[in-house]
Structures are given as C-alpha cells and as structure tokens.
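Structural overview for review
Here is how the chains run, residue by residue.
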Amino acid sequence: MSLSPRALASCGAAIMTAALTVAIALAQTPPQTPSPAGAAAYIINLKDGDTVASPFKVQFGLTGMGVAPAGVSAEGTGHHHLIIDTRLSDDEMKRPIPADAQHVHFGRGQTEAMVTLPPGRHTLQLVLGDMSHVPHNPPVMSPVVTVTVR
Ligand SMILES: [Cu+2]
C-alpha cells in the first residue's frame, strides 16, 4: 500500500490537530491524582441526624492518606474541603473544587473548622482534593451527614 504525498500531508495535519486538542484538554483540566486503595474521609465528631447549635465544630478524619497544604506535591496526601448543602456532580469530581460558601477549602491543611449555618437542616460532606484542589480518583469523600441547626 502506498499513500500519495498529499494524503500523507493531510493525515499528518489530522494527527497534529488531534494532538493539539488533547494538549489543550490536558492544560484546562489538571489530571486527577490516584488515591491509595482503602483511603477514606469521615466527619469525626458528628453523626447523621445530630442537632447542633451554630457555630459548631467539625473535625475532619482521614485514614489511609495524609494531609498536606494546597500547592504541596506529596504522594498520598491532599487537603480537606467541606461541601455544605450540595453535592459535587460527576463532572465536578474531575475538576478543581469551586471556592464559595458551599465549597469551603482548607488549603493550609486544617483538620477541623468552626462552621456557622442558619437554623434548619443542612448536609455536610468532606471531599479530599489534591494539591490543585481536584478530587482524587477514586474520590476520597465522607458519607453525607445531615445535621439540624437549632
Ligand atoms: Cu482546595
């Protein structure tokens, strides 16, 4: 089988275009960091159904991995994020976690926080993020805990 020079050139251009598309996609989305088997995050001091007075303390538990500040590259580590009254979608699980009142970053490596919420029912979930705030693969996250603020 032989290809004409024109066919080869057009094929090369297609490969270049494909490579460029992949490069752009990689630049926009930091790759997910793998998490070790068995790693788990959990809220230490609150259980589903608890009633609390605001502000209240939330203690962040992590097994099978270590806590490191954001921006620090160290294998098997991450920093905590408290997700309040929302969940990360499958798509959001692959991107840097947003930073707002419902997605609180603990990028200095904190392992507890005082949380202020209005009276009513609220959901809390921990999601570990890597040095670039992207959840690991598979994600290291706590069960959702629903609390009532009185
Ligand atoms: Cu973060």
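As a reminder, the structure under discussion sits directly above these lines.
Below: a short report on this structure. Bear in mind that the values here come from a model prediction, so they are computed numbers and not experimental data. (Residues numbered from 1 in each chain as written. Predicted model: local features only at pLDDT ≥ 70, side-chain atom pairs only at ≥ 80, totals over all residues. Heavy atoms only, no water.)

Describing the pairing of strand β8 (residues 120-129)
- Across the 10 residues of β8, seven count as buried, placing the element largely inside the fold.
- Of the strand pairs in this sheet, strand β5 (residues 77-84) and β8 are connected by six bridges, and their pairing is antiparallel. Among the inter-strand pairings, I84 is bridged to a residue of β8, identified as L124.
- Looking at chain direction, β8 and strand β9 (residues 145-149) are connected through five bridges and run antiparallel. Bridged to G120 within β9 is V149. (Buried < 20%, exposed > 50% of the residue type's maximum accessible area, 1.4 Å probe, protein only. Helix = DSSP H or I, 4+ residues; strand = E, 2+ residues; numbered from the N terminus. Pairing = 2+ DSSP bridges.)

Comments concerning the layout of surface pockets
- Computed from the structure, the largest pocket encloses a volume of approximately 220 Å³.
- The wall of the largest pocket is formed by 20 residues, among which T33, S73, A74, D130 and M131 lie closest to the centre.
- By residue number, the principal contributor to the lining of the largest pocket is β5, which donates three residues.
- When its residues are assigned to classes, the lining of the largest pocket shows eight nonpolar, 10 polar and two charged. (1 Å grid on protein atoms, 1.4 Å probe; cavity = no way out; pocket = protein on both sides within 12 Å on 5 of 7 lines; lining within 4 Å. Points joined across faces, edges and corners; volume = space filled by probe spheres on them. Nonpolar A, V, L, I, M, F, W, Y, C, P; charged D, E, K, R; others polar.)

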